[in-house]
Each structure stands twice: as structure tokens, then as C-alpha cells.
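# Fold and contact review
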Amino acid sequence: MRFSSLLPSALVLGAGIAEAASGWNFDEAIISVSAKGAAGAAGAFKDKLSDHVPLSKPVTLGQTETLKIILTATENGEPKRPHQAFLLLRDQDTGLEETFPLQTKESGKGKVDFATLKSQKDLPIQLLTSSQPLRATLLLASFGSTQAFANHVFNLDIQTDPNVAKPKYEKPLRYGQLGEINHIFKADPKSGPVIISLLFTVAVVAAVPILFGSWVLLGANLSHLPKATAAAPVSHSLFFSSILGMEGIFFLYYYNWSLFEMLPVAGVIGLVTFLSGSKALSEVQSRRLAGER
Amino acid sequence: MRWILSFLLLAFLATVQAVSSAGYKLLVVLEELADKSKYSKYLGDLEARGFSISYESPKSDKVALFTLGERAWDHVLILPPKAKGLGPLLTPKLLLDFINAGGNILVALSASQPTPSGLISLLLELDIHIPTDRSALVIDHFNYDTLSAAEKHDVVLVPRPDAIRPDVKNFFKGDGKGGEAIAFPRPVAQTLGNASPLLTPLIRAPRSAYSYSPKDDVDSVEDPFAVGQQLSLITTMQARNSARFTVVGSSELLEDTWFDAKVKRSVGMNGAPAGNEFKTSNQAFAKEVTGWTFKETGVLKVGQIEHHLNETGSEIVSNPKIYRVKNNVSYSIELSEYSWDKWIPFTPPTGDIVQLEFSMLSPFHRLPLKVAETTLTSTIYTTSFKLPDQHGIFNFKVNYKRPFYTNVEEKNTVTVRHFAHDEWPRSWVITGAWPWIAGIGATVTGWVAFVGLWLWSKPVPLKGAKGGKKNL
């Protein structure tokens, strides 16, 4: 079991080495991270890059630190300057990748050094806000048939200063579906508790029998009704019923009549009230003058 | 004899039908007519699809885009001229006017023939940037054709593009099987400004590609124009009026040689070994890109729009001018999509929806429209909702703008009035009004009883007072 799974990977590894020897590759790649103004200070990070295995631990890059890679590119084992020497940093959340061409310097003795100086200022905002370490890939390639080199060499962990606000990334406008909006309606008007309304309604309605009761207690009566109707039967009945009728009109107006339905009827009833009232009230006056009231 | 005539007529009708939704008049701007033979397959495909093609030299005085102030062509194809500039009838301003008038333009660039400065300023106007060095080209040491560019690596093999976003339809994926490659011989790189939603890269370069200038960057490239996926090899711009503008980075892509060419992939970035020889997909891909640019695909049409009151017991009147606040309302819109030669029902890609906004200045409602019915040529989308409790002048607005689809912006204005005085609930329904209604009742009863007493009450002697009371 073990052997069967180990064997192919060993083969692949072997093939990788064989390929590496015949194509583009690099020698003595040194990656270092140092704080600004204190190059080579103690405590600075320094490691050697391997051409087939990425560094086991991510390289951390602080706010003020710079990253530097020095390597010697080789073609088929001979130091040579490649046309393309790029460091690719990929945001593993979004797949966004930024490329940094390495600065090449031709030194003597056939050696080609590369150096790149990267601080956080050189990185786009999107990469700074990535939640995972950036995946760094090194590309060494040139024209011709020589096999180009591309490998994942290390992971870069961006350490942002917690005291400094993270730069905000504002998404540019792109056409697409927008968020759903549902109108929030104003709450319907609400009455107070029914029990309180009922309590006060009962209190108001109860005032009517109390009023009638106190009138009766004070001696109110309708004893003159036969006398009045005998003296002026038409005007008394018309006057009282026209007053009742007027209240009825008011009720109909409240219930479903319009103003123009109500006004003519109210005018007729009003005229009746006026004519019959003058007669009926003269009869009342005559009783008063007769000392009966 | 007669059957031949009718057959000819039928054939004619067929070619007329199988044409773009935006017209068939195509102007090809080509420096030398002899060059026509280089593109014979591509132009033949266009003619077979029903375009009537006129060929003019960029310097010709017959090349005018406008005659008597009207657009003279529906589409323009500009192939790279040998001369440094385009003629006085193809200035950037005239080309922009042409787009503003609804014409579609396809521009092919070439690294071997310097791009005229007029075209460069047109591209700049649209926020498309190309390298300042006119001979700069894109190369890729990991995705080149080992048969034709083993040394220079300047024939970039790019797979069919993926959808730019999961919710955007991919018109350029071919049959979708994968494994195809499009050969871009000596392409000119474009980079796009980030601000405009009208610009969309149709095909980006592979990760490992870069643009370099053969004159300046001889030994090694240190300050490339742009690299990797930031390079666009084909760029599209769809204006607000849905006119389309496409820049193809490599004019050789459209040539007969590359329609038929066999290519072989180099060893890729992931170490994948070189495969076998296979034919490029340039012909099918060129058809898709040109078809999109000349509005044979991705064109939307709005059919009938209808809205009505959706209350129980109300009669249905179509498209009334006025509604009341809090009315229930139904809205429906009919959408069709043009696909090569016919209108088909429009269905948005998975993950995308058509939305209806009900707006006064800003949307009060933005609701998804659901498919109610599909006819042979269209889909009817509908939704029902309650109007907001705000009176004013509102719009039913469908604002469907998506990359690669023409813009749909439909506004139907209605008035929303507030409640009339007799549409509110009556006072006896409101419990808080009961004491007040009872109060009126009590006053009326008391008043009528008082009138009776005033008329007919007989004075009674007060208790304790001698001689009775009130003998007035």
C-alpha cells in the first residue's frame, strides 16, 4: 500500500529534478525581510529558497519592512539572464494576482543577481486585506526552447499594524443584480385599549339616565301635554317632530348623505320648525301669562 | 422557370432573415483590396450570414460614416491600415459620433502594423490603453504555439474564455466542451480603466503573459506595460445606447492562415506536458466575437408592458394612469432575446434575475420578476405587490443592464394618490371614537328631552317653600 503510493511521487520528484537540470532554474536564492533603515540587523528574517518545495513557514512582512530576494538564474546549469523574471503574488481568497518584475543586475563573473524590494506600499489594497497568506510564484523564462521555470516558492503573510486603520477597498460600479428592496410601510393608526373606550362609553351613556333621574327628582313632568295639544295640536306636534326630524337628518348626513342631499331637506324641515315653532311657543307664552307656568 | 424564381426568392428571404438585429450594411475599412484575400474565409462567413459588405480604403472619400447627417452603415470593421493614420473621414470624433448614433465598430489591431494615432485617441477616449511603443506585443513563455513560434513565443494560445462572473452569460464558450485553443499571433495588449462598467475584457491573457517592446526590452523586461491577466487581448465596450465596440488585439487571428492552422501547446506553467497537434478554434470564435459586436447575439427586446389593479372585486383595466396608495398592483413585461437569426424567449443566466423597481427619485420597491409564461419568441415576467404608502408620481422601472446584453431601461409613469376622504374606515369601526359617538348620542337625547320639558312641564311647588313655586 505504502509503496504503491510512494512510488509515483518519487518518480514525479525524479522527473522534476531531471527537468530542472535541463531548463531555467536558479541558484543560491536568498530571501530576506528587514526593517527599513536597519538592513542586515539582527533578528531580520533570512532563508534560502528551494526550487521545488515552498518554504514550510510563511514569510511575514510587517508594516515598515521590505522584502528582498537575491538569486542567480541559470539556464541548463549556466548562469544567464532570463527575459522574464517575475514574482507573482496571488490572493488565495479571490484568485487576484499581482506580478512584480524583478530588477536584474548584471555583475561580473557571469553571475546574474536579481533583487526585488517590496514593501507593503507596493502592494495593491486588495492583496493587503487578504485573509490568507499570499501565494508567491517565481517565473524564470526566456525565448527559445529551454524549459521555463515556474514554481510556488513561498507564502507571504502580510502583517498590518492593528493601530493603523486598514485601507478600505471600494468596489467599482459593475452592472449586475441589485439588492431587493421592500418598502417599509408606516404602522397603521391604532386605538387605545377597547376596555378603556368601553368604560368611558358606558360612563357617557350612564350620564343620560342620571340626567333624567335628577330632572324627575326635581319635579320635571309632562302634565301640560294634554292642555298644550288641546290648545294648539298641529303646531305642537309639528314643532316637536320637526326637531326630531332635524336630528334624523343630522344622523343621515353622518351615515351616508352628502351635503347637497341634506341641505334642501334641512331647509324644508327648518321652515316647518320656524312656522310651527312660533305658534307653539306663543301657546307656551300664553300659559305663562295665564300664570300656569 | 417559375419554381426557380420562387426558389431564388426563398433563398433571398432566407439570407435577409439570417442577419443581425441591427441591420446588414457593413463597411470594411481595408487599405488594399488585395488584402481581402487574406481574410477571405472570415469575410465569406459574414456574407453568408447576410451582411452586405462594402470595402473602402481608409483614405478614400467614399468612406464617410454619415451621409446627410444620417448613419450610412450599420456596422464598421476596421482592419489595421499600413499607413500611420486614418483618413479625414475616420477621425476619432466621427467614430464616436458613429457609436453615439448606434453603429457598431470592430477594430482589429496588429503589432506588425503600427496602430494609427487616430485609433489610439479613440481608444483613450473609451479608457482603453495600449502600449506607447507601437510595435509592442504580448508573449507568453508558457502558452505559446511550438509549431509556429518555437523561438519567439509570440503566438499565444488562449483557451475559450470563462464567464467573467458566475451570473453573466458566456456567449463565447463555443460548444462548451473545453480543450480548445484560440491562437493570438502577435497580439497588441490592452489595459482597461477600472471606473467604467461599460468596458468588459472578453479575453484576458494567461497569468504568465506579458507585453514587451522588441526594441527596448532586448535582454530582459524590467518595466513591462502590463502583465498577466491585467492584459486584455479582446476588449468590448457597450455604450449606453447599446452600440457595441470591440477591439481585437490580433488582426491575424481573423486571417485564413490561422483559421486552419494546426497548433501545438508548449509546456504549461503547471508543468503539463505539451499535447498533440490540433486545429485552432479561431473561425468559430471569430464568428462569436463578430456576431456579438454586430448584434447577432445578446440583443434584448421588450414586448408588451402591462400593469393593472389587483384588488378583489375590482375590474381589470390595463395600464391605468392613477393608483391609490396601498393598492395591490400586478406588473408584467415581455422580453425576447435575438440569437443569430431569430427571436427566442429570454432567460437570464443562473444566478441572475430581472428586477422591477417602483421608484420616485429612489426605488421604494425593488422586486424580482418571475416567469409567468413562455411564448415561442418571448418570456413574460410578472410580479404583484402593494404600492407604498406615499403619494406622488412614481415609475414602474425595469433597468436590466448586464455585461454582453443590450440595455433594457423601461419606465412607465403613474400617479399614486392618497386616500380620498370617503375611503378611510368609518368612525364606528374605530374603538377610540366610541365615547365621543356616545357623547353625541347623549347630547341629542338630552336636548330632545329638554325641549319636551320646556314645552310641556308643569311647575311643581318646591318642598319647604310656602305657596308653591314659580308662579310666573
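Note that the structure is predicted; figures quoted are calculated from it, not measured.

So, how was this worked out
Residues numbered from 1 in each chain as written. Chains lettered and ligands numbered in written order. Predicted model: local features only at pLDDT ≥ 70, side-chain atom pairs only at ≥ 80, totals over all residues. Heavy atoms only, no water. Axes fitted to C-alpha atoms, helices over the stretch in contact; angles between N-to-C directions. Helix = DSSP H or I, 4+ residues; strand = E, 2+ residues; numbered from the N terminus. Parallel < 35°, antiparallel > 145°, perpendicular 65-115°, else oblique. Left-handed = near helix turned anticlockwise from the far one by under 90°. Contact = heavy atoms within 4.5 Å. UniProt positions renumbered as here; feature names shortened; annotations may be inferred. Pairing = 2+ DSSP bridges. Buried area = accessible area lost by both parts, 1.4 Å probe. Salt bridge = Lys/Arg side-chain N within 4 Å of Asp/Glu carboxyl O. Polar contact = N/O pair within 3.5 Å; in protein donor to acceptor, adjacent residues only side chain to side chain.

## Some remarks on the packing of helix H3 (residues 92-100) of chain B against helix H4 (residues 117-125) of chain B
The description of two helices packed together rests on the angle between their axes and the distance between the axes. All names here are of chain B. With their axes 9 Å apart at the nearest point, H3 and H4 run at an angle of 45 degrees to one another. Considering the angle they form, H3 stands oblique to H4. Crossing angle aside, the handedness with which H3 passes H4 is right-handed. Side by side, H3 and H4 meet where Pro92, Leu95 and Leu96 of the first sit next to Gly118, Leu119, Ser121, Leu122 and Glu125 of the second.

## Focus on the UniProt feature "domain: Ribophorin II C-terminal" (unreviewed entry) in chain A
Under the feature "domain: Ribophorin II C-terminal" (unreviewed entry), the UniProt entry names residues 185-288 of chain A. Helix makes up 81% of residues 185-288 of chain A and strand 0%, and the two end C-alpha atoms of the span are 66 Å apart.

## Section: the sheet that holds strand E23 (residues 362-368) of chain B
All names here are of chain B. Read from one edge to the other, the open sheet built from five strands follows the order E19-E27-E26-E22-E23, with strand pairing classed as mixed. Every other strand in the sheet has two partners, leaving strand E19 (322-324) and E23 as the edge strands with one partner each. Going from strand to strand, the sheet's axes swing by 30 degrees on average, the running direction of each strand aside.

## Observations concerning the environment of Ser339 of chain B
Within the secondary structure, Ser339 of chain B sits in strand E20 (residues 328-339). Apart from the residues lying within four places of it in its own chain, the contact partners of Ser339 of chain B are Glu296 and Ile344 of chain B.

## Quick word on the interface of chain A and chain B
Contact residues are listed per partner, giving 76 residues for chain A and 81 residues for chain B. Together chain A and chain B conceal approximately 6800 Å² of surface at their shared face, both sides included; 58% is due to carbon and sulfur atoms. Considering only the side of chain A, the residues that lose the most area to chain B are His83, Tyr175 and Arg293 of chain A, jointly responsible for 13% of the buried surface there. At the surface where chain A touches chain B, the tally comes to two salt bridges. Note that Glu97 of chain A is salt-bridged to Arg207 of chain B, the shortest N-O span being 2.6 Å. Counting every contact that joins chain A to chain B gives 29 residue pairs in polar contact (both at pLDDT 80 or more). It is helix H3 (residues 194-217) of chain A that contributes the most residues to the side of chain A that touches chain B, 11 residues altogether.

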